[in-house]
Amino acid sequence: MSPVNFLTSASCRPQEADGIDSVIVVDNVPQVGPERLEKLKNVIHKIFSKFGKITNEYYPEADGKTKGYIFLEYAAPTHAVEAVKNADGYKLDKQHTFRVNLFTDFDKYMTISDEWEAPEKQPFKDFGNLRHWLEDPDCRDQYSIIFEAGERTGIFSNDAKEPIVVEERARWTETYVRWSPKGTYLATFHQRGIALWGGEKFKQIQRFSHQGVQLIDFSPCERYVVTFSPLMDTKDDPQAIIIWDVLTGQKKRGFHCENSAHWPIFKWSHDGKFFARMTQDTLSIYETPVRKNTSISAVLDFSWSPGDNIIAFWVPEDKDIPARVTLMQLPSRHEIRVRNLFNVVDCKLHWQKNGDYLCVKVDRTPKGTQGVVTNFEIFRMREKQVPVDVVEMKESIIAFAWEPNGNKFAVLHGESPRINVSFYHVKNNGKIELIKMFDKQQANSIFWSPQGQFLVLAGLRSMNGALAFVDTSDCTMMNIAEHYMASDVEWDPTGRYVVTSVSWWSHKVDNAFWVWTFQGRLLQKNIKDRFCQLLWRPRPPSLLSQEQIKLIKKDLKKYSKIFEQKDRLSQSKASKELVDRRRTMMEEYRKYREAAMQMYQEQRPLRLELRGGVDTDELDSNVDDWEEETIEFFINEEIVPFGDLA
């Protein structure tokens, strides 16, 4: 049946006057007889009513069966657009994958010219080298700071002596800034939307118009950016949360927002191919580019593996059915591990940075006892059948953190003033060993170095900025210090430096940031007027293989002399200025000598002409042709009588 016949064949079908912008065509629908038609209609209605109210539906038939395509009309055109975006490619079963189009698209496709027209060439925009900071010969990392109560924003290169200004601007952002996960872009916030900056001179690369935007999040691959605004949202046109394509600036999809208290609302898989969100106890998983993959009900929390497309989620107890933690692999939806839990109050999911381990912190109330007991359920993700080890703690838990690139974890437990920190080692023999416990610590936060081994135990805000620098290889306290009223701790991407700061946003006096070595030696105290925020610029993953990295570490002594020489030269500002001055003088001399030699060569014909064709430039060059001659001549003679000397 043609589209025209569809619009005019019966009164129950969508009428042309009703507005065909609200009509969609669904192809690859199962062909069924009258006995199965009602069941098919119920399935179709359940799938497509999620996108809006369906006012009309039509199932063309021939020879007692449906034809394999249907027409659906929505109450509004925006609903039809949402249905096309989300249901196109929907896999009903192994034999049927829906193809969904707007009815109005048929006219567009039927009027396509048979003659090919070359697309208009777009001008190339050169934003410079977006990874230029990685080419710094001294391997200095960069960081952004906001000061003067948000009026000024600066980008600095970190140096052991003092920060080096890279870029500084007034009113660059209206609230705060964010780096993208690989450090390629700097995002600034404005009343009308988000701007992305990058390149050597931090040129504007992209803009996203979202009125009243307050929050932002990037996908790990930096291909998508998610923005949130509480101002723009309607029932028919969701605008509270928008997913954008970073390269094109195009809006991919909008979502309603029931609750923005837990940001980011969307959580991404490690490669950016999937993202998921929680809505009223339902976990919805999407596949990029923004296509719904599956939904799981009764879920309270979830988290993606940082190393694989595996999602972990937990479901609470329901009558006689125990709570459970499930590990699901995507896109296959295969459940690789299910763990049943009993008497559960709450669960928290903590992944190790590489996805080698998952810790599920389970708060339980055992039968016949009062109070809460905490179990750490450790899933060994790289082992066959994913075995689980359990560590039980009867004290209240303040903080938990995995070693980023290792198999240790740290736990802060107890109550002030008796707060303890315990270090555990997940061994290969299936055991978890308590390595060390420090008691009576002034700490409420754990900050591991990005490279592992070293960490900072910090007592932020109410604990007056107490700091303890720990080497977990032998569990020794390298240094104990204090940054009074410190509100934040930030490690640089390499793990060489750590910054503590007092933000004007949380404390109105003593606003500054201090730079420390990983061993706890204070290098700088940088006082900035109404300092607000410091963020290190992330580094992308290394292009080197693990074997190459091991080889570099093995041969590091070969380069140590060069590094030590550079360190000695940079030990004082005076020596640095002297070296720079000498380098400048040497460069000036080199340029002068090149110019003199060029002039000397240009004047050679003139010298030959003045000297009768004799090349005097070469007279002294042939040493073998020299002849030695001795000349003696009388100079002076004086006679002095001896008698006169007496």
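Residues numbered from 1 in each chain as written. Predicted model: local features only at pLDDT ≥ 70, side-chain atom pairs only at ≥ 80, totals over all residues. Heavy atoms only, no water.

**Overview of the overall build of the protein**
Looking only at helices and strands, one finds eight helices and 42 strands in the protein. For 646 residues, the compact-globule estimate of 2.2 N^0.38 gives 26 Å, and the C-alpha radius of gyration of the protein, at 36 Å, exceeds that figure by more than 25%. In terms of principal-axis extent, the alpha carbons of the protein reach across some 155 × 80 × 50 Å. Within the protein, buried positions represent 42% of all 646 residues. Accessible surface computed for the protein: about 38,000 Å², of which carbon and sulfur atoms make up 50%. (Helix = DSSP H or I, 4+ residues; strand = E, 2+ residues; numbered from the N terminus. Rg over C-alpha atoms; globule rule 2.2 N^0.38 Å. Buried < 20%, exposed > 50% of the residue type's maximum accessible area, 1.4 Å probe, protein only. Areas by Shrake-Rupley, 256 points an atom, 1.4 Å probe, with all protein chains shown as cover.)

**Quick look at the UniProt feature "domain: RRM" (unreviewed entry) in the protein**
Under the local residue numbering, the UniProt record ascribes the feature "domain: RRM" (unreviewed entry) to residues 22-105. Its end C-alpha atoms 12 Å apart, residues 22-105 is made of 33% helix and 29% strand. (UniProt positions renumbered as here; feature names shortened; annotations may be inferred.)

**Structural notes on the pairing of strand S16 (residues 241-245)**
Working note: regular strand, side chains alternate between the two faces of the sheet. In terms of residue burial, S16 counts as a mostly covered element, since five of its five residues are buried. Burial along S16 is two-sided: the face carrying Ile-241, Ile-243 and Asp-245 and the face carrying Ile-242 and Trp-244 are both buried. Relative to S16, strand S15 (residues 224-228) runs antiparallel, the two being bridged by five bridges. Residue pairing for S16: Tyr-224 is matched across the bridge by Asp-245. Relative to strand S17 (residues 251-255), S16 runs antiparallel, the two being bridged by four bridges. Residue pairing for S17: Trp-244 is matched across the bridge by Lys-251. In sequence, S16 turns back onto S17 through a hairpin of five residues, with Gly-249 there showing a positive phi of about 80 degrees. (Pairing = 2+ DSSP bridges.)

**So, the sheet that holds S17**
Read across the open sheet, the four strands follow the order S14-S15-S16-S17; overall the sheet is antiparallel. Two strands lie at the open edges of the sheet, namely strand S14 (215-218) and S17, each paired on one side alone. On average, adjacent strands in this sheet sit at an angle of 20 degrees to one another, irrespective of strand direction. (Axes fitted to C-alpha atoms, helices over the stretch in contact; angles between N-to-C directions.)

**Things to note about the packing of aromatic side chains**
Under the counting rule described, the total for this entry stands at 34 aromatic pairs. Relative to Trp-197, the ring of Trp-172 has its centre 5.8 Å away and its plane inclined at 80 degrees; by these criteria the two rings are edge-to-face. Here Trp-197 lies in strand S12 (residues 193-198) and Trp-172 lies in the loop between strand S9 (164-170) and strand S10 (177-179), a separation of 25 residues in the sequence. Each member of the pair, Trp-172 as well as Trp-197, is classed as buried. A connected cluster of aromatic rings, assembled from ring pairs, spans Tyr-224, Phe-255, Phe-266, Trp-268, Phe-275 and Tyr-286. Positioned over the ring face of Tyr-600 is Arg-607, at 4.2 Å from the centre of the ring. (Phe/Tyr/Trp six-rings, centres within 6.5 Å; stacked < 30°, edge-to-face > 60°. Lys NZ or Arg CZ within 6 Å of the ring centre and 35° of its normal.)

**Focus: the pattern of salt bridges**
Counting across every chain of the model gives 23 salt bridges. With its nearest N and O atoms 3.0 Å apart, the salt bridge here joins Glu-168 to Arg-152. Highlighted residues: Glu-168 in strand S9 and Arg-152 in strand S8 (residues 152-157), separated in sequence by 16 residues. Glu-168 gets classed as partly exposed once you look at its relative accessible area, which sits at 32%. We note a salt bridge from Glu-403 to Lys-408, for which the minimum N-O separation is 3.4 Å. Comparing Glu-403 with Lys-408 shows no difference in burial state: the two are buried. What you see here is one network of salt bridges that share partners, running through Asp-136, Asp-138, Arg-140 and Asp-159. (Salt bridge = Lys/Arg side-chain N within 4 Å of Asp/Glu carboxyl O.)

**Digging into helix H2 (residues 34-48)**
With 15 residues, H2 ought to run about 21 Å at 1.5 Å a step, and its terminal C-alpha atoms sit 21 Å apart, in line with that. Taken as a whole, H2 has its buried residues at Leu-37, Leu-40, Ile-44, Ile-47 and Phe-48. Buried residues of H2, viewed axially, fall in a sector of 95 degrees; they line one side. Looking at H2, the residues exposed on the side facing more than 90 degrees away from the buried face are Glu-35, Glu-38, Lys-39 and Lys-46. (Expected span 1.5 Å × (residues − 1). Arc of directions from axis to C-beta.)

**Topic: the environment of Met-110**
By secondary structure assignment, the location of Met-110 is in helix H4 (residues 104-110). On the basis of relative accessibility, which here comes to 65%, the residue Met-110 falls in the exposed class. Between the C-alpha atoms of Met-110 and Ser-332, which are 222 residues apart in sequence, the distance is 38 Å.

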